[in-house]
Amino acid sequence: MIRYFGAVALCVLLGLNVALGQDNDPPQLTLSSPTRGEIVPAGTVRVAGTVTDASGVSILVVNGVPVIPDAAGNFAELVAVRAGMNAIEVEAFDPYANATQVRTVVLAGTFRPLTQGVPNALAARLNRPGFVAIEALAAQELARADLGALVRAQNPLYEDTSGLTQVTVTAEAASFGTPRLSLDPQAGGLAVRVEVPAVDMTVRLRGRLGFVSFNRTVRTTATLATITGRASLVGQPGGGLRSQMTNTQVALDGFRFDISGFPGFLESLIRGVVRRVLVDQIKKQIETTIPAQVDQALTVFNQPVTKTVLGRPVTLRLVPNQVVVDPDGAFFRADADVAIPALPGHAGPGSLATPGAAPLLGPTRAFALSLDDDLLNRVGYAAWQGGLMDFSLDRAAATQLGLPAWLPLEAFWLQAFLPSLIGHVDPRDPLEFELESRLPPVFSARPGAEPLQVSVGEFVVSIYAAPAGRARQLVLEVTTQVEFAVGVTVDAQNTLRLSVAGRPTVRTEVTASPLAQVNATGVATFVDFLIPPVIQLLPRAWSGFPLPVVPGGVQPRGLELRADGPAGDHLTLRGDL
């Protein structure tokens, strides 16, 4: 709050020579521009209004700059505003040191409409240690696969009953040893090599050779099956990433199939059939399992993520625009959008957009995930338009939302801070709160242990007494501006958890007090007591979105989150697996 008592004292010393207390009424100060909760372009905003006082106006200050009103009390001043929340403070003094202050907030900047996604909103990198984790998971899946069931599902493997020589080949059992898997990042894709030892299959041969029938069980083995191929990452037309295997080759070492006593041509025929079926089944299993495990590591790219926040569905969708595989790993970059069903009442030009390139994500850690704060501002804007920043608070809602039990919602609590309300409100009356945000919240990355700053401007809190059986009555309306830092952690389910770090900074202005005049200091103390527990609810409600680059079942460790990028406007999470 800007105070200029020194300037007033100087006026007195210069000869105004008035007796303090002769005029106790502060100046009448109104702002016509900007309006409360206005969204304006970055640059300058015109601050205009009227100030009058029966004793005259001695000092008028607009954001720290003295301004001289005209004879009718009109004034106007251009004030510089930067991208983000900007406080506009106007303060007037009369010759008797009576002061009036008006404070409002505008949101300034360049804005991106909701019809446009946020370009390059997210970048991620998965390095060699990350692919080692995928290797382990894919090898486990291969080991659990029932190759015998897959082979038996193809029965009969071969059948020819058209001539004198009739033969049917069916599989009775098949097994293989523990696979060894290697995923080697290379320019353009992943080189895949799978080694499957101890291949063992039992087949039954039935048929007739001339007039002689036969029915024999034969065992076929291979010491090692080696599968090589290439896994490529491709973008899908509707968004998302998929991996696919190409150029898959299968080699069988030490293949044995001996049915001595059969004619050579029949043995060669059956040998070829059995070998081909075995190769096809191994190839099919590899081409299914490897891409599935890679896709699991990229789940958030492959499908939208929807979470319920304060009873409303919030859907995050990423559309990859760049995929690069190099010898150190794979890099992904994606546009993003957030969808929340809009409610009437909040209109604006779009979410705040700030210039700033993504940081370089090198190969030093297993994975890195970088988020442009423009995406967070898109989330905030969509939440604001969707009504998630507005809610009512009574006893039932307080319990449902998890507000602490020591926060009583009765009038006596308000009277403890504002004694002037005693006699105007029954202390036993329940209180109801209506909270409305007239501006979308603004997120910005910042250096330090809590690398995310949140500003909520023109947060209007209306307090009503709601006696049973009677219409509720407005007791107090205040407008607040709140700033707080957010801490970010990752839980055991690989999801981001948000929390308020420290105590929020709250600035308060009384905009309505219809029952009695209230003390501004008491109001500020009351609001500073109420708002922090409410603010704590918001990050908790938005927690729980899954991390996109960590393979399922692998817990990240050694996590580091910090502001990043040339302009410091990205949040980058790095870690090991």
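Use the structure listed above.
Note that this is a predicted model, so its numbers are computed, not measured. (Residues numbered from 1 in each chain as written. Predicted model: local features only at pLDDT ≥ 70, side-chain atom pairs only at ≥ 80, totals over all residues. Heavy atoms only, no water.)

**Q** Just checking my understanding: could you explain the environment of glutamate 135 for this structure?
**A** The topology assignment puts glutamate 135 in helix H2 (residues 128-144). Accessibility expressed as a relative area gives 14% for glutamate 135, which makes it buried. For the pair glutamate 135 and isoleucine 290, spaced 155 residues apart in sequence, the C-alpha separation works out to 8.5 Å. If we skip the residues at most four places from it in the chain, glutamate 135 touches Leu181, Ser182 and Leu183. (Helix = DSSP H or I, 4+ residues; strand = E, 2+ residues; numbered from the N terminus. Buried < 20%, exposed > 50% of the residue type's maximum accessible area, 1.4 Å probe, protein only. Contact = heavy atoms within 4.5 Å.)

**Q** Would you take a moment to explain unusual backbone geometry for this structure?
**A** As a rule of thumb, non-glycine residues mostly have phi less than zero, and peptide bonds are mostly trans rather than cis. At the junction of serine 33 and proline 34, the peptide bond is cis and its omega measures out at -5 degrees in the coordinates. Counting through the fold element by element, proline 34 comes out in the loop between strand E1 (28-33) and strand E2 (39-40). In this structure, alanine 198 is a non-glycine residue whose phi angle is positive, near 55 degrees. In this fold, alanine 198 is placed in strand E14 (residues 189-209). The partly exposed category is assigned to alanine 198, whose relative accessible area is 45%. The backbone of asparagine 247 sits at a positive phi, close to 55 degrees, despite the residue not being glycine. Topologically, asparagine 247 is positioned in strand E16 (residues 241-253). Look at asparagine 247 and you get exposed, because its relative accessible area is 61%.

**Q** Just checking my understanding: could you explain the pattern of salt bridges for this structure?
**A** A side chain of one charge can pair with a side chain of the opposite charge when the charged atoms of the two come close. Using the criterion set out here, one finds 20 salt bridges in the structure. For aspartate 200, the salt bridge is made with arginine 219, and the minimal N-O distance between the two is 2.6 Å. Here the residue aspartate 200 occupies a position in strand E14, and arginine 219 occupies one in strand E15 (residues 212-235), the gap between them amounting to 19 residues. Here the salt bridges share partners, and the residues they tie into one network are Arg365, Glu560, Arg562, Asp564, Arg574 and Asp576. (Salt bridge = Lys/Arg side-chain N within 4 Å of Asp/Glu carboxyl O.)

**Q** What's the story with the sheet that holds strand E6 (residues 74-81) in this structure? I'm lost.
**A** As a general point, the strands of a sheet are linked pairwise by backbone hydrogen bonds and lie either parallel or antiparallel. Pairing is antiparallel in the open sheet, where 3 strands are placed in the order E1-E3-E6. Looking at strand neighbours, the two that pair on one side only are E1 and E6, the edges of this open sheet. The average angle at which neighbouring strand axes cross in this sheet is 30 degrees, direction not considered. Bridge count between E1 and strand E3 (residues 43-52): 5 bridges; the pairing is antiparallel. Each bridged residue has a counterpart across the sheet, and for threonine 30 the counterpart in E3 is threonine 50. (Pairing = 2+ DSSP bridges. Axes fitted to C-alpha atoms, helices over the stretch in contact; angles between N-to-C directions.)

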